[in-house]
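# Tertiary structure, described
Listed here are the chains, written in short residue letters.
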Amino acid sequence: MGCVLATLLANRGHSVELFEKRPDMRRAQIGGGRSINLVLTNRGLSALERVGLREQVLELTVPVLGRMMHDLHGELTYQPYGKDDSECNYSVSRGMLNEFLLTAAEEAGVAIEFNAAVEDVDFDRRRLIFEEGRRSAEFDVLIGTDGAPSVVRKALVEKKGLEESVDFMDWGYKELLFPSGPDDSYLLEKNALHIWPRGSHFLMALANLDGSFTGTVYMPQTGPDSFESIDDQESLLAFFERHYGDATPLLGDFVDTFFEHPVGTLGTVRSAPWYWEDKVLLVGDAAHGIVPFFGQGLNSGFEDCLVLDDLLAQHEDFAQVFPRFFNARKPNTEAIADMALENAREMGEKVANPTFLLKKKVESLLEKHLGDIYRSRYAMVMYSHIPYAAAYAVGKRQKEILATLAEGLDRAQDVDLERARQLIEEKLVPLYDELDLNLEF
Ligand SMILES: Cc1cc2nc3c(=O)[nH]c(=O)nc-3n(C[C@H](O)[C@H](O)[C@H](O)COP(=O)(O)OP(=O)(O)OC[C@H]3O[C@@H](n4cnc5c(N)ncnc54)[C@H](O)[C@@H]3O)c2cc1C
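Residues numbered from 1 in each chain as written. Predicted model: local features only at pLDDT ≥ 70, side-chain atom pairs only at ≥ 80, totals over all residues. Heavy atoms only, no water.

### Digging into the overall build of the protein chain
- A tally of helices and strands in the protein chain yields 15 helices and 18 strands.
- Against the 2.2 N^0.38 benchmark of 22 Å for 441 residues, the protein chain shows a C-alpha radius of gyration of 23 Å, consistent with a compact globule.
- Counting only C-alpha atoms and orienting by the principal axes, one finds that the protein chain spans roughly 70 × 55 × 40 Å.
- A separation of at least 24 residues holds for 71% of the contacts in the protein chain among residues at least 6 apart in sequence.
- Split by element, the accessible area of the protein chain, about 20,100 Å² in all, is 47% carbon and sulfur.
- Taking the 45 positively charged and 73 negatively charged side chains of the protein chain as two groups, their mean positions are separated by 3 Å. (Helix = DSSP H or I, 4+ residues; strand = E, 2+ residues; numbered from the N terminus. Rg over C-alpha atoms; globule rule 2.2 N^0.38 Å. Contact = heavy atoms within 4.5 Å. Areas by Shrake-Rupley, 256 points an atom, 1.4 Å probe, with all protein chains shown as cover. Lys, Arg positive; Asp, Glu negative; His and termini not counted. Charge placed at Lys NZ, Arg CZ, Asp CG, Glu CD.)

Right, dumping it as C-alpha cells:
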C-alpha cells in the first residue's frame, strides 16, 4: 500500500523517499510464510485506477465469482458473490502485486531504499533512525505505512502519547500450496473461493494464475483441534483426512511445508489519533490492522490512499489534512475491524449452517427482485464505496429483516416478497436517507 501512496504523493509533485526493510523482491528470493495471495475489491481497484494501474493489475488476477463450500463428505454448495458476474473479487499474488507496484512507484519518481529498516523516530529532530543509531535520515513529513507491527506507531505511542490496542485472536493461520495439475490446469473450480468450514477451524483456497491455489488453514493456536495439537506427520495427516478429506489428495506432499511454515498471528490494531502535528501520519495496517476474514485489510488501506489524496487536493497544508483524514477514516476502519471479526465466525461455522444458508438465499432473492431498495452488506463492503460504518449500520437492520422473513420458511423461493418490500421500506429506506446512501453501484 505504501507504494500506491508514494505514487499518489509523487504525482502531486512531492519529493518522496520510501524506506523498505526487506531487500528488493524483484531481485532477491524472499522467504514465504506470509499470505501469498489476497483478494482485491472495488475500494482497492479504485485506488489503483487513480494511479492509472487498474487494468494492468487486473491482468495479474483471477476473478472470484462466488464461494464454493466443501462439506465433510466432499459435497459442494456454491453461492455467487454479487448480483451478477460483474460483481466479483480478484485474487492476486501478493508478490506479483508488490513487484508491480514497486516498479510503478519508481517510474512515478519515488526513490526507494531497500534493506532500510527504520528502528526508531526522533520526532523533534525529524529524523528516522537506522542501524542502532549509526545512520539517520531527515524528513519534513513522515507517513508510516509499515504495517501492523509499525515502528512508527510504537514511537508515537512511546514519545507522543498516541493510544493503541492490539488484540490478538486465539486463531493463527498457515499457508499451503495446492499445486496445479498437468499443463498448469486447475484441479478445483478456478473462479471460486473454496472453503471447508469446520466450526472451530477452516481451510480456504484461492486460485493463482499458474493453475495452483493458495490454501490457508485457520485454527486455534492451542486446544484440541489446534496448531499445537498437530505436532507430527501422523497427527497432521489424520487431522486433514478427518476434516478436509477431498482437499488432502490435492495438497500433494504438504507435510514438510506445513511444519516449515510458521503459524501466522491474527490481530486487530486500533490507535488514535493517527497523526502528530503536521509532521507524522499513520496509514493502512500501521493505523488500523484487521483480521483477514472480510478480505478488506489492503482494500481499506488503499481506500485510505484515496481519501488522503482527495484531502490533499482540497487543502494546502498537512495541518488541515491530517485531522480531517483521521476523523473521516476512523469510524469506518472501526466498522470494518468489527465486521471482519464477525466474519471469522461466519466463515468457520455459519456457512455450513442450514438456517444461515437459507437466509443467504433469501437475501439473493431480495437483491434480485428488490435491487432498487436492497443491497447486501457484503456487496456494499466489497463492490461499493459506501462508507464501511454505513454498511455496518444497514447490515444490522438487514439481519433483523432476514430473520423475520426466514422464520418458518423451508425454501427460500417461498419468501413473501411483498412483505419483504414493506419491511425494507419501513426499516431500511429511512436509514438510507439518514446515511445519505446511494444503492446504485
Ligand atoms: C492471511 C491473510 C490474508 C489476507 N487477505 C487479504 C485479502 O484477501 N484482501 C485484503 O485486502 N487484505 C488481506 N489481508 C490484509 C493485508 O495483507 C494487509 O491489510 C495489507 O498488507 C496491509 O498493507 P500495509 O501496506 O498497510 O502493510 P504491509 O503489507 O504489512 O506492508 C508494510 C511494509 O512495510 C515494511 N516495513 C515494516 N516495518 C518496517 C520498518 N521498520 N522499516 C522499513 N520498512 C518496514 C514491510 O517490509 C512491508 O513492505 C490479509 C492478511 C492476512 C494475514
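Now that the structure has been shown, the text picks up again.
### Describing the sheet that holds strand β12 (residues 163–178)
- As summarised here, the arrangement of the 7 strands in space is β5-β4-β13-β14-β15-β12-β16, forming an open sheet in which the pairing is mixed. This sheet does not close on itself; its edge strands, each paired only once, are β5 (76–80) and β16 (264–272). With strand direction ignored, the average angle separating the axes of adjacent strands in the sheet is 25 degrees.
- One ladder, built from 4 bridges, connects strand β4 (residues 66–70) with strand β13 (residues 192–197); its direction is parallel. Considered in β13, the bridge of M68 is made with H194. (Pairing = 2+ DSSP bridges. Axes fitted to C-alpha atoms, helices over the stretch in contact; angles between N-to-C directions.)

### Regarding the pattern of salt bridges
- Under the criterion given, the structure shown has 36 salt bridges.
- Where E87 meets R375, a salt bridge forms, and the shortest distance between an N and an O atom there is 2.7 Å. With E87 in the loop between β5 and β6 (89–93) and R375 in the loop between α11 (354–369) and α12 (377–383), this pair connects stretches of sequence that are 288 residues apart.
- When its relative accessible area of 3% is taken as the criterion, R375 is described as buried.
- Here the salt bridges share partners, and the residues they tie into one network are K83, D84, E87, E367 and R375. (Salt bridge = Lys/Arg side-chain N within 4 Å of Asp/Glu carboxyl O. Buried < 20%, exposed > 50% of the residue type's maximum accessible area, 1.4 Å probe, protein only.)

### Let's talk about the domain arrangement of the protein chain
- If you check the domain split of the protein chain, you get domain 1 (2–62 + 91–167 + 267–347), domain 2 (168–265) and domain 3 (353–435).
- Between the C-alpha centres of domain 1 and domain 2 the distance comes to 29 Å.
- With 21 residues of domain 1 at the contact, the number on the domain 2 side is 21 residues.
- With both sides pooled, the region where domain 1 packs onto domain 2 buries about 1,700 Å², and carbon together with sulfur makes up 67% of that total.
- There are 0 salt bridges connecting domain 1 and domain 2.
- On the surface where domain 1 and domain 2 come into contact, there are 4 residue pairs in polar contact (both at pLDDT 80 or more). (Domains from an automatic or database assignment. Buried area = accessible area lost by both parts, 1.4 Å probe. Polar contact = N/O pair within 3.5 Å; in protein donor to acceptor, adjacent residues only side chain to side chain.)

### Examining the site of the ligand
- In the vicinity of the ligand lie 27 residues, with E20, V39, R94, D285 and L298 positioned nearest.
- Between the ligand and M1, the relevant distance is 3.4 Å, taken from an oxygen atom to a main-chain nitrogen or oxygen of the residue.
- A distance of 2.9 Å is found between a nitrogen atom of the ligand and a backbone nitrogen or oxygen belonging to V118.
- For the ligand, the protein covers 87% of the area, taking 1,000 Å² as the surface of the free molecule.
- Those elements that place two or more of their residues in the shell around the ligand are β2 (37–40) and α9 (297–314).
- Considering every element that reaches the shell around the ligand, the biggest residue donor is α9, with 3 residues. (Near = heavy atom within 4 Å.)

### Overview of the sheet that holds strand β3 (residues 61–64)
- Across the sheet, 3 strands lie side by side as β2-β6-β3; this open sheet has antiparallel pairing. Of all strands in the sheet, those bounded by a partner on one side alone are β2 and β3. Neighbour-to-neighbour, the strand axes of this sheet turn through a mean angle of 30 degrees, independent of strand direction.
- Relative to β6, β2 runs antiparallel, the two being bridged by 4 bridges. Bridge assignment links L38 to a residue of β6, and that residue is V92.
- Relative to β6, helix α4 (residues 94–107) is tilted by about 80 degrees, and along the sheet it contacts β2 and β6.

### Things to note about the packing of aromatic side chains
- Overall, the coordinates contain 24 aromatic pairs when judged by the stated rule.
- An angle of 80 degrees between the planes, with centres 5.7 Å apart, marks the rings of W171 and F293 as edge-to-face. On the criterion of sequence distance, the pair formed by W171 in strand β12 and F293 in the loop between α8 (285–288) and α9 is long-range, its members being 122 residues apart. Each member of the pair, W171 together with F293, is buried.
- Counting every residue linked through ring pairs, the aromatic cluster contains F227, F239, F240, Y244, F254, F258 and F259. (Phe/Tyr/Trp six-rings, centres within 6.5 Å; stacked < 30°, edge-to-face > 60°.)

### Describing the nonpolar core
- Counting 65 residues, the largest nonpolar core has L40 and L308 as its most contacted members.
- Among the nonpolar cores identified, the runner-up in size contains 62 residues, and Y81, Y388, A390 and A412 belong to it. (Core = buried A, V, L, I, M, F, W, Y, C linked by side-chain atoms within 4.5 Å.)

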